[in-house]
Each structure stands twice: as structure tokens, then as C-alpha cells.
Amino acid sequence: MFYDLLRRVLRLNGYKLNHVMNITDVDDKIIRNAMANGKGLREYTDVYTQAFLDDCATLRLEQPERIARATDHIPEMAAAIAKLEREGHTYRSDGSVYFKVGSFPGYGKLSHNDFSGMVAGARVDVDEYEKSDARDFALWKAPKPGEPAWDTEIGRGRPGWHIECSVMAIEFLGATLDIHAGGVDLIFPHHENEIAQSESLTHQPFAYYWLHSEFLLVEGQKMSKSLGNFFTLRDIFGRGVSPEAVRYLLASVPYRKSLNFTFDGLKSAQTAIERLRNFKFRLDSAKLAAGANGKIEELAVKARADFVAALNDDLNTAEALAAVFEFIREANIALDTGEFLDGNVEAAQGLLGQFDSFFDVLKPDAATVGLSDEAVEARIAERTAAKRARDFTRADQIRAELLQEGIILEDTKDGIRWKRK
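**Topic: helix 15 (residues 392–404)**
Line of reasoning, step 1. Counted at 1.5 Å a residue, the expected span for helix 15 with its 13 residues is 18 Å, and the 18 Å between its end C-alpha atoms agrees.
Line of reasoning, step 2. The complete set of buried residues in helix 15 reads Ala395, Ile398 and Leu402. Seen end-on, helix 15 carries its buried residues on one side only, within an arc spanning 60 degrees. Residues of helix 15 that are exposed and point more than 90 degrees away from the buried face comprise Thr393 and Gln404.
Line of reasoning, step 3. Among the structural elements, helix 14 (373–388) and strand 14 (407–412) are those in contact with the buried residues of helix 15.

**Topic: the environment of Glu377**
Line of reasoning, step 1. Looking at the secondary structure, you find Glu377 in helix 14.
Line of reasoning, step 2. Along the backbone, Glu377 and Asp411 are 34 residues apart, and their C-alpha atoms lie at a distance of 14 Å.

**Quick notes on the nonpolar core**
Line of reasoning, step 1. Core analysis: the largest hydrophobic core is formed by 55 residues, its most contacted members being Tyr248, Leu276, Phe279, Phe327, Phe340 and Phe355.
Line of reasoning, step 2. When residues of this core are traced back to their parent elements, those giving at least two are helix 1 (2–12), helix 7 (233–238), helix 8 (243–252), strand 13 (259–261), helix 9 (263–285), helix 10 (294–312), helix 11 (317–337) and helix 12 (345–358).
Line of reasoning, step 3. Here this core takes nine residues from helix 11, the largest share from any one element.
Line of reasoning, step 4. Once residues lying within four places of it in the same chain are set aside, the contact partners of Phe355 are Leu276, Phe307, Leu321, Val324, Asp360, Val361 and Leu362.
Line of reasoning, step 5. The next biggest cluster of nonpolar side chains, apart from the first, holds 40 residues, and it includes Phe115, Ala134, Ile154 and Ile163.

**Section: the packing of aromatic side chains**
Line of reasoning, step 1. Tallying each qualifying case throughout the model produces 15 aromatic pairs.
Line of reasoning, step 2. Plain terms: the ring middles of Tyr44 and Tyr48 are 5.2 Å apart, the flat faces sit at 50 degrees to each other, and that makes the pair tilted. Here Tyr44 pairs with Tyr48, and both are found in helix 3 (residues 41–58), just four residues apart, close to one helical turn.
Line of reasoning, step 3. Note on Phe358 and Phe359: the rings are 4.9 Å apart at their centroids and 80 degrees apart in plane angle, and the pair reads as edge-to-face.

Definitions and limits used
- Residues numbered from 1 in each chain as written.
- Predicted model: local features only at pLDDT ≥ 70, side-chain atom pairs only at ≥ 80, totals over all residues.
- Heavy atoms only, no water.
- Helix = DSSP H or I, 4+ residues; strand = E, 2+ residues; numbered from the N terminus.
- Expected span 1.5 Å × (residues − 1).
- Buried < 20%, exposed > 50% of the residue type's maximum accessible area, 1.4 Å probe, protein only.
- Arc of directions from axis to C-beta.
- Contact = heavy atoms within 4.5 Å.
- Core = buried A, V, L, I, M, F, W, Y, C linked by side-chain atoms within 4.5 Å.
- Phe/Tyr/Trp six-rings, centres within 6.5 Å; stacked < 30°, edge-to-face > 60°.

Below, the structure written as C-alpha cells:
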């Protein structure tokens, strides 16, 4: 979600995007699970890759310009490791190739850890580790019986996790990335190791900017299966929660702050979305007096400026939301008192359009909409005909049927208005 918001704010500022996302489809856990299920790597990972992409689409996350699979770039990884070998950054042990952390003087500059007391030659074989001390890490792993392996210029084996990301990033984005993003848990060792091997390969800075998003908590605790607070998106949607509510909640807290994900929070998110949709409904359907109220115009201009300024302040989504809702509060008061005029609609709709180009929650999810707009209008026409024929029982029945479909009717002096729940 953080990457999606980052994409949108960059585009809001006129940048062209070339975003690469890698699919890590070979590492220790994947190999272990694929073998346990009696499946090949691609057969095993395809299911999860597609599920991930489907969930991204449901949350309206923009797809990157390129999605790269690690297993499609094994020869390039082997070539990079061969270059690191030639330049003295590696050593071999038991058929595996390790990066010598001591060969890169800048090690630790991202995490700001002090590795001055690191033990020379201490190494780690697993792809993920959480120790605070620096260790030489595997670039290439010797083949084990039954495990997938590739024949390359540096021998038979498979890549380590860290080299995969560096090689694909450099291949598609060049020696230096403008922005490298990830979760805070990747700062060390993964991103520190990426810097070491990448800059040893290219002799250029690996990334100008590093953006790291904080952890997601569930009911105040770290999400884990053992605590029973582990949810997939499909679990949440199965409880009747809309994708827009999940999207809104995830976007509402700035990325550098931990988000406490709760079901009460989802309810609040849905309430906020309804407030936004109701305001849009009023703008679209209200019969307003001619003219324009200068005060409302000024409020709209200020809200748009504050909205953009907040997003440009390190993606401060909370302040951006505050700017929009403050305008909606003032505008609703003006609508109630008749001070909001026909000429004020365009500016207000412009603000909502800019808001939704970023948050993207105003339009209901197609899978949950039910009746089309045309079908709703046809049922309303049928109800109107029934009322004219003084068949009030049928008219009430149609209203109740529409309500079951999530359609709320409002009989006003200006005619029938309707909206979705």
C-alpha cells in the first residue's frame, strides 16, 4: 500500500515512473515448502504470486512498470558473483560463495550499526537472520540433494536472497536507483547487504533515497499465527469488510508510523468513506442557487494546497485527510444554510477528484456493487409508476428490495435521490 501511495504522490508532482518490483521465487523457505508439497518451484510459487497480484488489484494498487522473477535472472546473478570474485570481495567454502563484509569499508552506513568489532570470517548460510552482528553472507549456495539448482559459469547451485535483488535492480534501473523502498525489517541485514554487493559491483551509490515503512500491528500486537491474530485480506473481506475500507485504513497512517489494525478501525474507515461519498452525492444532486460564494472558493483552494503540501511532507496522509475533511465540514454547513451556490460545485468536485486520484476510495468496489446504475434507475421508475397508480404496497416493496441491495432512496422536494450504502 505504501508503494502505491508513493507512486501516486510522485505522479501528482509530475514525475514519470519506472518502478520495478521483484518476486522472490527462490529462497530457503520456498524451497523447503515446495519440496514438502512435492512441487517444483514455479508450480509452487505461481499460486502465491497470482494470489498476491489479485489482492493488490482488489485494493486498487497500481502495478509496477515491471515485475521481475528471481528465477528468470539466474545467469545474470552468476555473472555478477563472478565479477565480485574477480575483484576480491568473495571467498568459497564447501562449494558456496560468500561475500566478505570486511572488503566493503562502508558496511553499516544505512543501518548505522557499529560493526567495528565484527569477527573476520564469521559467516551465515541462511537467507534471513536477525543478529545485530555483521557476518559474511552467502551469494551462491552449493547444491543439496533434491533441491533445485542451476548450472552456471560459477558452478552448479542457486543464488542467495540478497544478490537476487541487487542484480535485478541494476539490470532494469541502472547502477543507481532514485528510490529504494521496503519495510523497516529489511534495513539490516538485507538492504545493508544489497548496498555492499551492489556498490562493490558498480562503484556507484546504490540508491539516492531509502524509504522504509513501519510495522503493521493487529489489536496492538505483532501479527503472528501463534497469537491467532493473523489475517489475510480474504479473511477480512469474508467478514463483509469492503476493500475500500481496508485501503483507507492502511493509507490513513503515515508510513513511518506503526498502524494498529483493528476491526473497529475498519468500521471507522467505512464511516469516513460514507461521509466522503455522501458529500459527493450532495454535490452531484443538490439544486443550488446561481452564483458563487467567494468564501467557499477560498476554502477549496486552501484545502487543495494543504492536501498537496501534506502529501509532499514525507507522505503525511493523516494531515492530507484532515485538510479534506475540514473543507467538507465547512461545505456541508454552507449547503445546509444555502450559502453553497451552484458556482462552488466545480471547485469542490475538483478537490474530491484530486483526493481520490490518491486515496481511491470513493467508487464502490465492482464486486460489491450489486445492481448497476441503470438497473437501479429502472426499479425507481417502476416504483414511481406504482405510486402514480396508488399501488403503495408495491412501491414500498420496491423500496425494501432496493434497500436489501444496498440502495437507499430519498424522496425530496426536487425528486427521488438514491445512493449506495
